[in-house]
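Overview (structure and organization)
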Amino acid sequence: MSCSVAVSSSPVFSPSSSLFCNKPSILSQSPETLNLSLSHVKFPSSSSSSSLSSPTTAQSSPSPSSPFRFRLQKQPTGLSSSSSSSLLGSDQALGSGSGSPQTILKRKRPGKLDIPVAAMSFAGVAMTPREIRRDELEEEREGSYSVYCKRGRREAMEDRFSAVINFHGDQKQAFFGVFDGHGGAKAAEFAAENLDKNILEEVTRRVDDDGDHEIEEAIKRGYLNTDSEFLKEDVRGGSCCVTALIRNGNLVVSNAGDCRAVMSSAGGLAKALTSDHRPSREDEKNRIETLGGYVDLCHGMWRVQGSLAVSRGIGDRHLKQWVIAEPETKVLEIKPEHEFVILASDGLWDKVSNQEAVDIARPFCLGGMDAPKPMMACKKLVELSVSRGSIDDISVMLIQLGRYI
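Analysis parameters
- Residues numbered from 1 in each chain as written.
- Predicted model: local features only at pLDDT ≥ 70, side-chain atom pairs only at ≥ 80, totals over all residues.
- Heavy atoms only, no water.
- Helix = DSSP H or I, 4+ residues; strand = E, 2+ residues; numbered from the N terminus.
- Buried < 20%, exposed > 50% of the residue type's maximum accessible area, 1.4 Å probe, protein only.
- Contact = heavy atoms within 4.5 Å.
- Areas by Shrake-Rupley, 256 points an atom, 1.4 Å probe, with all protein chains shown as cover.
- Pairing = 2+ DSSP bridges.
- Phe/Tyr/Trp six-rings, centres within 6.5 Å; stacked < 30°, edge-to-face > 60°.
- Salt bridge = Lys/Arg side-chain N within 4 Å of Asp/Glu carboxyl O.

Looking at an unreviewed UniProt entry, one finds the chain named protein-serine/threonine phosphatase, with Acer negundo as its source organism.

See below:
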């Protein structure tokens, strides 16, 4: 069985093809016919295999046993058969001469591609694997504060914290904050890097050394300025915040969202210094509805516009009309009976009550016969929340108040 194929305008065999030569003067324009056979293809006829014909044979009528017939341009004059074979590949030419044995065309295996491994990046910021999958954070300054953060089941931790001690060289002044991000860690990172600066700048500008009459307004402006700066970044997500400013013997605690501050007083009595901002709060629900929004119950949790489970925070551009960054602030004088303050994200408070947290932390903070181990208290609280089924990121900061009296 045989067949005949004529290829007259193929780009591979065209004289203008760059595969052979771009100079038309080298190639002759008179076409000739070359009979090719494929010996590895089995045909019913015994005459299915044949060798390459010489040019004189190609000019005559083709043999019936030739399975394929290609129209090729005449071989350039002045070029030997070996040189023409090199045009197709030095080791894979059709033949080196009229008497050379038949050679089957083969393609060489391409070389391996060496693809470099690049660092992952988001929004143009390079991120190392360590930054992407950072599971735990801890930091401690003896006699001042301890903080421990543990990643939940999210791909990356979204909680952050900040701590500024010895503000303006004064050991009695400090700032602390815990930030719980949602929709990514960008808002929490931004707040941790900028909220303390904005608050301290407003406090320095607005509050005189003789009193803290405008301290609440300074804190408020610091939160709002941070929020407006973050919105200019055009980055999605938001963050809940709880902060503690210690200045002139006063403790100034503020929050926006469901991060919480709890203080241990004399005898280990727990006292909440903040109130969570959730849509389930009647005053928050009324405020949102007055602004034209709505609060809906979704999967057992009240949400703003059926989306967000907190009613205040930094960021959340798409809900900014209802989710405000204005904090609630409480100012109290630090007294000897005030032992320590716990700042924590809702990953702790959703599973551990205020009094439980104080009862567990107090023995490690007071020390008794042994030296205080506040970092151990932070870790014990995180472990308790995880053991009770928390899958959220958990951040716990413990501030010793004794040094600030």
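So, about the overall build of the chain. Helix and strand counts for the chain stand at 9 helices and 18 strands. Across the 405 residues in the chain, those meeting the buried criterion constitute 43%. In the chain, the proportion of contacts linking residues at least 24 apart, taken out of those at least 6 apart, comes to 63%. Accessible surface for the chain amounts to roughly 21,800 Å². Of this, 51% is attributable to carbon and sulfur atoms.

Let's shift gears to the environment of Gly249. Mapping Gly249 onto the fold places it in the loop between strand E9 (238-247) and strand E10 (250-256). Classification of Gly249 as partly exposed rests on a relative accessible area of 22%. In this structure, Gly249 is in contact with Glu333, Ile334 and Tyr404, ignoring residues within four places of it in sequence.

Here we take up the pairing of strand E8 (residues 174-182). Here E8 lies mainly inside the structure; 9 of its 9 residues are buried. Because side chains alternate across E8, one face comprises the buried residues Ala174, Phe176, Val178, Asp180 and His182, and the other comprises Phe175, Gly177, Phe179 and Gly181, equally buried. Two strands pair when backbone bridges link them, and E8 and E9 are joined in this way by 9 bridges, in the antiparallel orientation. Along E9, the bridge assignment pairs Gly177 with Thr243.

Moving on, we come to the packing of aromatic side chains. Any pair of aromatic rings gets described here by the distance separating the centres and the angle formed by the planes. Under the defined criterion, the tally for this structure stands at 2 aromatic pairs. When the ring of Phe190 is compared with that of Phe230, the centres are 5.5 Å apart and the planes differ by 55 degrees; the resulting orientation is tilted. Of this pair, Phe190 sits in helix H4 (residues 186-206) while Phe230 sits in helix H5 (residues 215-232); the two residues are 40 residues apart in sequence, bridging distant segments of the chain. Pair check on accessibility: Phe190 and Phe230 agree, each one buried.

Turning our eyes to something else, we now look at the pattern of salt bridges. A complete count under the given rule lists 21 salt bridges for this structure. Salt-bridge contacts for Arg260 lead to Asp276; the nearest nitrogen and oxygen are separated by 2.7 Å. Of the two residues, Arg260 sits in strand E11 (residues 260-264) while Asp276 sits in the loop between strand E12 (270-272) and helix H6 (282-290), which places them 16 residues apart along the sequence. When sorted by exposure, Arg260 lands in the same class as Asp276, which is buried. Among the salt bridges present, the one from Glu328 reaches Arg281, with a minimum N-O distance of 3.5 Å. Placement of Glu328 in strand E16 (residues 328-333) and of Arg281 in the loop between E12 and H6 is noted, with a sequence separation of 47 residues between them. Linked by salt bridges that have partners in common, Arg154, Glu158, Asp392 and Asp393 make up one network.

Let us now look at the environment of Glu337. Note that Glu337 resides in the loop between E16 and strand E17 (340-344). Residue Glu337 is classed as partly exposed on the basis of its relative accessible area, which comes to 36%. Taking the C-alpha atoms as reference points, Glu337 and Ser264, separated by 73 residues in sequence, lie 8.6 Å from one another. With residues up to four places along the chain from it excluded, the contact list for Glu337 reads Ser264, Ser265 and Ala266.

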